[in-house]
Amino acid sequence: MMLHIVLIEPEIHTNTGNIGRLSLATGSHLHLVKPLGFELSDSRLKRAGLDYWQHIELSIYENADEFFEKNKERNMAFLSSHGTKDYTEIPFKEGTMIIFGKESKGLSSDITDRFKDHLYKIPQYSEHIRSINLANAVAVITYEGLRQLR
């Protein structure tokens, strides 16, 4: 796999379904970190991913501690509206993990404080919005990573 897409505590089934479909289209591995805001058997999740869900490379973790323990040696980039570096500055390498937080709150302060040197953001040009849709953010970053790795 070229890239790894990591969703920490995703809350919305359709976002995760769309991201699953994107992960398959881009040859990326999808990682879901519990708790999830939906059941993996939810038909709306599968509908958003169409009939591709069965082909997705998927790893599931019981919590963030398990995820970080199992992947501690990997290159990671964390996306947050609190990031100070632009997403185009992510040093993508084969196997980079791009990590996103839950839709309602993003990444926890525990994570952003711990990995502050690896925090990146997608610029926004309006003070009337906190963030863009998670599935859109994942698409922007994944395709930027693929562009850099080409």
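As a starting point, this report considers the structure included with it. (Residues numbered from 1 in each chain as written. Predicted model: local features only at pLDDT ≥ 70, side-chain atom pairs only at ≥ 80, totals over all residues. Heavy atoms only, no water.)

Digging into the overall build of the chain
Tallying secondary structure elements over the chain gives five helices and seven strands in all. For the chain, the succession of helices and strands along the chain, N to C, is β-α-β-α-β-α-β-β-β-α-β-α. For the chain, whose C-alpha radius of gyration is 14 Å, the value lies close to the compact-globule estimate of 15 Å for 150 residues. Summarising its shape, the C-alpha atoms of the chain cover approximately 40 × 35 × 30 Å along the three principal directions. The buried share of the chain, reckoned over its 150 residues, is 45%. In the chain, the share of contacts with a sequence separation of at least 24, taken over all contacts with a separation of at least 6, comes to 77%. Split by element, the accessible area of the chain, about 8,300 Å² in all, is 47% carbon and sulfur. Taking the 18 positively charged and 20 negatively charged side chains of the chain as two groups, their mean positions are separated by 2 Å. (Helix = DSSP H or I, 4+ residues; strand = E, 2+ residues; numbered from the N terminus. Rg over C-alpha atoms; globule rule 2.2 N^0.38 Å. Buried < 20%, exposed > 50% of the residue type's maximum accessible area, 1.4 Å probe, protein only. Contact = heavy atoms within 4.5 Å. Areas by Shrake-Rupley, 256 points an atom, 1.4 Å probe, with all protein chains shown as cover. Lys, Arg positive; Asp, Glu negative; His and termini not counted. Charge placed at Lys NZ, Arg CZ, Asp CG, Glu CD.)

A word on the sheet that holds strand 5 (residues 85-86)
Think of a sheet as strands paired side by side through backbone hydrogen bonds, with each pair either parallel or antiparallel. What the seven strands build is an open sheet, ordered 3-2-1-6-4-7-5; its pairing is parallel. This sheet does not close on itself; its edge strands, each paired only once, are strand 3 (58-61) and strand 5. Bridge analysis of strand 2 (residues 29-33) against strand 3 gives four bridges, and the strand direction is parallel. Across the sheet, leucine 30 pairs through a bridge with leucine 58, a residue of strand 3. In the packing of helix 5 (residues 134-149) onto the sheet, contacts are made with strand 1 (3-8), strand 4 (76-79) and strand 6 (96-100), and the angle to strand 1 comes to roughly 160 degrees. (Pairing = 2+ DSSP bridges. Axes fitted to C-alpha atoms, helices over the stretch in contact; angles between N-to-C directions.)

Function cannot be read off these values alone, since they describe shape.
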